[in-house]
Amino acid sequence: MSVTAEAAPAAVQSRGPSALGGDLRRALSLTWMLAVTDFKLRYFGSVLGYLWTLMRPLMLFGVLYFVFTQVIKFGEGVEYYPVYLLTSIVLFTYFSETTSGGVGCLMARENLLRKMHFPRIAIPISVSLSALFNLGLNLVAVFVFAMISGVPIRLSWLQFPFLVLLLAAFAIGFAMLLSVLYVRFRDIQPIWDVVLQITFYASPILYVVSALPAQFVREMMAANPLATILTQMRHAVLDPSAPTAAETIGSDVRLLIPLGLIVLVFAFGLWLFTREAPRIAENL
Amino acid sequence: MLHPRRSRTFSELRALEDVSFDIAPGEFFGIVGRNGSGKSTLLKCLAGIYGVDAGRVDVRGRLSPFIELGVGFHPELSARDNVTINAIMLGLTRKQALERFDEIIAFAELEEFVDLKLKNYSSGMSVRLGFAVAIQVDADVLLVDEVLAVGDASFQQKCFDEFDRLKAEGRTIVFVTHGMDAVRRFCDRAMLLERGEMIDIGKPDTIASKYAEVNFGKVGDDGPSSAPGVLRARIKRTWCATADGPVPEIGDDTATVAQGDECVACMEVEFSDPVEDPVFSITFRNDVRHTIYVARSDRGGPTGAFAAGQRANVKFRFPNWLAHSVYTLTSAVLTSNGRVTLDQHVDAVTLRVETERRSGGVAELPTTIEVERS
């Protein structure tokens, strides 16, 4: 077997595993395929199949709706409270699915990581992509519910995809961060479960921020980007008379705090993931 | 990382150290060694799954991305889905994967089970499926970890043929295995690792016998027996040639003989003691260590007396009707009753027999076939 000088490709130093890098087309199709497979498998073998993706937030909604409108009159005075409740539950479900899925995702794909060369970032991204499919399905249900409840369609709905994008960036940032931390510290799993529970109550899901003291809300909004996203969602989608996120936090400039937090989490997650990526396979 | 001052006790394990080698394009390269010797780690470093702490790995051309068959196979999915997933992991597009699907299934001989979930497959069946997908890879360098451990004999033969095809296409294959027969059969060169260090690199036969030494200790001394009461004789040289071909150079222990030609297996023996009627024998074993053909001089009557210091040139002439494979020749000299081995050369010569067609048997004897209608 002789190879002519022209045909022989140049020797390239193999760089070992990395978070990004390599053939982009393959990385994308790999990510997509992992997400689709994950999504397909999740409800595989259950009788109702995909319907369960919808059922879980709907069940939660049903219980909370009953408690907070019939038992404790919580939603009184809030326009389209049931729609608000359902939308925020669905959005929070996405956040919780992406981040808690992110915790164990590298562990779950150990087989791939140890046997195959591919950009490592495909794994956490595929987790959040698969959660995004769920979100998409759930939003269809939310839309139907909103129509039945008589929510008028407004031009400001166009803000909604942008809000989802912010939420996704925040969630993916955490997914990257948690996935590599979990490889080193198994304590992350229970810690994150608790953090998610706290976040659920610390975000305006069951309640709306306008019901709370202004100073407290400002601090909450600054610390919790989810609160900012949900508040803006209420203004844009359900009730134009409800305060915008900027109004609630005090000023446009102060809005940069939660936005900066999202950017920070995403950047830190990406940085840490990239730093750890070459050794993931060995540390698992 | 979170606790910069946290003290950790650990002992360092160097999985590989001072391992340096080149593999030429189109070469079939074997990596052998005992469990834990660093074979798989080395393969992972080559594949870019592990980074190297020191040193470098240079690769020319495209590398196959994974090192094991059926990576990412999911037991809950059907063969159809798994093939698509696996092919995409290999770097094929979804379209290519669907186009080649029938070919893959046909190669794996799993047409009847296409829609069966993989969890209901036998381990051999899923390995077949994995192999069938893996050979579709469009890479210049293939890395393979222990592929032939599973699979029945007929499928193994199919894999062997496929390896021959890949080899003929000029693909470079790096192959980790415990099977010395596969090393002898396919590899152009091989490397022996032991505790992360490279013990030897070179001809497959040499490496295979070194591997046996590492595993079981040195098998036997090649020199003449010096135990008291045992007659001393020494095989100076063993070679194999065609009837009218030249005697191979010393050190050249491979021979190729066309099927149907006369083959001559020779040995040169020196006697240090007078020996009465010694028995000379040759044994051919094939790539799976089955003894295919044995010839002994006592079948033809006594060989007579040899004086001390006398030499004997022994020639075994036979028509070569062996099937396509790689054989090893072991020569031996025994006492007249055949009970005591005075000296032997185990696997002294590698004999290659190459034919166009393969019957599947171990010998292809000249045969006339008559079909009569009655």
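Predicted model only: the values in this text are computed from it and were never measured.

## Description of the interface of chain A and chain B
Contacts between the two partners involve 31 residues from chain A and, on the opposite side, 30 residues from chain B. When residues of the side of chain A that touches chain B are traced back to their parent elements, those giving at least two are β1 (11–13), α1 (24–42), α4 (110–115) and α12 (280–283) of chain A. Take the side of chain A that touches chain B: its biggest share by element is six residues, from α1 of chain A. Here the residues of the side of chain A that touches chain B sort into 17 nonpolar, seven polar and seven charged.

## Things to note about helix α11 (residues 256–276) of chain A
Taking 1.5 Å of rise per residue, the 21 residues of α11 of chain A would be expected to cover 30 Å, and the 29 Å separating its terminal C-alpha atoms lies within 8% of that figure. At its buried positions, α11 of chain A is contacted by α6 (159–184), α8 (214–223), α9 (225–238) and α12 of chain A.

## Details of the domain arrangement of chain B
Residues and elements named next belong to chain B. When the domains of chain B are assigned, the result is domain 1 (28–216) and domain 2 (233–353). Computed from C-alpha atoms alone, the centre-to-centre distance between domain 1 and domain 2 is 37 Å. Contact residues are listed per partner, giving five residues for domain 1 and six residues for domain 2. Taken together, the elements giving at least two residues each to the side of domain 1 that touches domain 2 come down to α7 (180–186) and α8 (204–216). For the side of domain 1 that touches domain 2, the leading source of residues is α7, giving three residues.

## Side note on helix α1 (residues 39–47) of chain B
Residue and element names in this part refer to chain B. Buried residues dominate α1, accounting for eight of its nine residues. At its buried positions, α1 is contacted by β1 (28–33), β3 (141–145), β4 (172–176) and β5 (189–194). Following α1 by one or two positions, glycine 48 has its phi on the positive side, about 80°.

## Some details on the sheet that holds β4 of chain B
Residues and elements named next belong to chain B. An order of β3-β4-β1-β5-β6 is seen for the five strands of this open sheet, with the pairing classed as mixed. Each edge of the open sheet carries a strand with a single partner, namely β3 and β6 (197–202). Between one strand axis and the next, the sheet turns by 15° as a mean value, whatever way the strands run. Taken together, the five bridges between β3 and β4 define a ladder with parallel strand orientation. If you follow leucine 143 over to β4, its bridge partner there is valine 174.

Each value, and the rule that gives it
Residues numbered from 1 in each chain as written. Chains lettered and ligands numbered in written order. Predicted model: local features only at pLDDT ≥ 70, side-chain atom pairs only at ≥ 80, totals over all residues. Contact = placed C-beta atoms within 7 Å. Helix = DSSP H or I, 4+ residues; strand = E, 2+ residues; numbered from the N terminus. Nonpolar A, V, L, I, M, F, W, Y, C, P; charged D, E, K, R; others polar. Expected span 1.5 Å × (residues − 1). Domains from an automatic or database assignment. Buried ≥ 20, exposed ≤ 12 C-beta atoms within 10 Å, placed from the backbone. Pairing = 2+ DSSP bridges. Axes fitted to C-alpha atoms, helices over the stretch in contact; angles between N-to-C directions.

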